[in-house]
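Architecture at a glance
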Amino acid sequence: MEKKQHPSYGMIQLSRSSIGGTGTALFGSSIMHNDVIRLTISNGFMEREDSQDRYFVKTSRKNCIVEVDMSYTQFAEAITSLNMGDGVPVTITNIGGQPVPKCPYEDKQKIMRREVEDAADDIAQKLVKEAAEVKKLLDEKRVLSKSDREWIVNVLKDAGQRLSSDIPFLNELFQEQMDKTVAEAKGEFESYVQNKMNSIALEALAGRISDDGIRPTANMILGAEEVEQVQDGLLDADEQEGGMQMNM
């Protein structure tokens, strides 16, 4: 057996990971997550034996080069949006074997609500200040000049513009954030359900193959379309079994 090592040799691994409790926060996500996609890059080496190459991780997960967690949505976006922008947010959890402090959670709803309230307070304070200046002008002058009247008109127009445009704009931003959060949660749930269905289908297939005396090999890897066919076949088989029982 021949073993080859080189500083350029590396291994990349993608896996699903479940996190208990209240879940974990992810950078670029507005919800907590109990299921993540974990990408690990480690040093690798190669072994040559029986005219075949085999590839292995040189170090354990704790000593990996880098490890990041992604939501299902972030993972799908990463593999479908190549060469677009600066990339997709990920959460770094390990660098060179050293754990990285956990990503802090930010409640986007609370942040947007606070920003809307702060903006509304700022508009209200400006209106109060301008109203006081108008009152002061009216108290000091019984007869207003043309420039004074124009100034008052401009103050009222500015106040009306802020009330008619700024507040609705902030409300629109708040609603967009709420829609984004709901869509993100829905996408995560749908991805979780689909992965569970695939796992159940593969387990059922493995059980039936084992019952028939056939041993699955490493090359028996199903694609997405094949998994759907397996699911459909299991449903049809269950329906046929149920019909046979009723006929009996």
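In what follows, the structure referred to is the one given above.
In short, a report on the structure. (Residues numbered from 1 in each chain as written. Predicted model: local features only at pLDDT ≥ 70, side-chain atom pairs only at ≥ 80, totals over all residues. Heavy atoms only, no water.)

What follows concerns the pattern of salt bridges. Tallied over the entire structure, the rule returns five salt bridges. The residue Asp53 makes a salt bridge to Arg48 at a minimum N-O spacing of 2.9 Å. Exposure remark for Asp53: the relative accessible area of 33% places this residue in the partly exposed category. For Arg48, a relative accessible area of 34% puts it in the partly exposed group. The partner of Asp139 in a salt bridge is Lys135, and the shortest N-O contact between them spans 3.0 Å. Here Lys135 and Asp139 lie together in helix H2 (residues 108-140), a separation of four residues that amounts to about one turn. As far as the burial class goes, Asp139 and Lys135 line up, both exposed. (Salt bridge = Lys/Arg side-chain N within 4 Å of Asp/Glu carboxyl O. Buried < 20%, exposed > 50% of the residue type's maximum accessible area, 1.4 Å probe, protein only. Helix = DSSP H or I, 4+ residues; strand = E, 2+ residues; numbered from the N terminus.)

Quick look at H2 now. With 33 residues, H2 extends 48 Å from end C-alpha to end C-alpha; this agrees with the ideal 48 Å at 1.5 Å per step. Residues of H2 that are buried: Ile111, Met112, Ile123, Glu130, Val134 and Leu137. (Expected span 1.5 Å × (residues − 1).)

A word on a nonpolar patch on the surface. Judged by side-chain polarity, Ile12, Ile41 and Ile65 come together as a nonpolar surface patch covering roughly 250 Å² of accessible area. Positionally, Ile12 belongs in strand E1 (residues 2-18). (Patch = residues over 30% accessible without salt bridge, like charges linked within 9 Å, V, L, I, M, F, W, Y side chains within 5 Å. Areas by Shrake-Rupley, 256 points an atom, 1.4 Å probe, with all protein chains shown as cover.)

Below, the discussion takes up unusual backbone geometry. Located in the positive-phi region is Asp50, a residue other than glycine, with phi close to 55 degrees. Residue placement: Asp50 occurs in the loop between strand E2 (35-49) and strand E3 (52-57).

The next point concerns the packing of aromatic side chains. If you walk through the whole model with that rule in mind, you get one aromatic pair. Measuring from ring centre to ring centre gives 5.5 Å for Phe45 and Phe56, while their planes differ by 25 degrees; the resulting arrangement is stacked. With Phe45 in strand E2 and Phe56 in strand E3, this residue pair connects regions lying eleven residues apart in the sequence. In this arrangement the basic side chain of Lys3 is found over the ring face of Phe45, its NZ or CZ atom lying 4.4 Å from the centre. (Phe/Tyr/Trp six-rings, centres within 6.5 Å; stacked < 30°, edge-to-face > 60°. Lys NZ or Arg CZ within 6 Å of the ring centre and 35° of its normal.)

Let us look at the pairing of E3. Across six bridges, E2 lies against E3 in antiparallel orientation. If you follow Gly44 over to E3, its bridge partner there is Val57. Between E2 and E3, which pair antiparallel in sequence order, lie two residues; one of them, Asp50, sits at a positive phi of approximately 55 degrees. (Pairing = 2+ DSSP bridges.)

The next point concerns the environment of Arg38. Residue placement: Arg38 occurs in strand E2. Judged by its relative accessible area of 15%, Arg38 is buried. Residues Arg38 and Val90, spaced 52 residues apart in sequence, show a C-alpha to C-alpha distance of 9.7 Å. In terms of polar contacts, Arg38 uses its side chain to reach the side chain of Ser17, at 3.4 Å. A distance of 2.8 Å separates a polar atom in the side chain of Arg38 from a polar atom in the side chain of Asp69. (Polar contact = N/O pair within 3.5 Å; in protein donor to acceptor, adjacent residues only side chain to side chain.)

Mapping Ser30 onto the fold places it in the loop between E1 and E2. Relative accessible area serves as the criterion here: at 8%, Ser30 is assigned to the buried category. Among all residues touching Ser30, those that are not within four sequence positions of it are Tyr105, Lys108, Gln177, Thr181 and Glu184. (Contact = heavy atoms within 4.5 Å.)

Now for a negative patch on the surface. Together, Glu115, Glu117, Asp118 and Asp121 make up a region of like negative charge exposed at the surface. Residue placement: Asp121 occurs in helix H2. With a relative accessible area of 43%, Asp121 lands in the partly exposed category. (Lys, Arg positive; Asp, Glu negative; His and termini not counted. Charge placed at Lys NZ, Arg CZ, Asp CG, Glu CD.)

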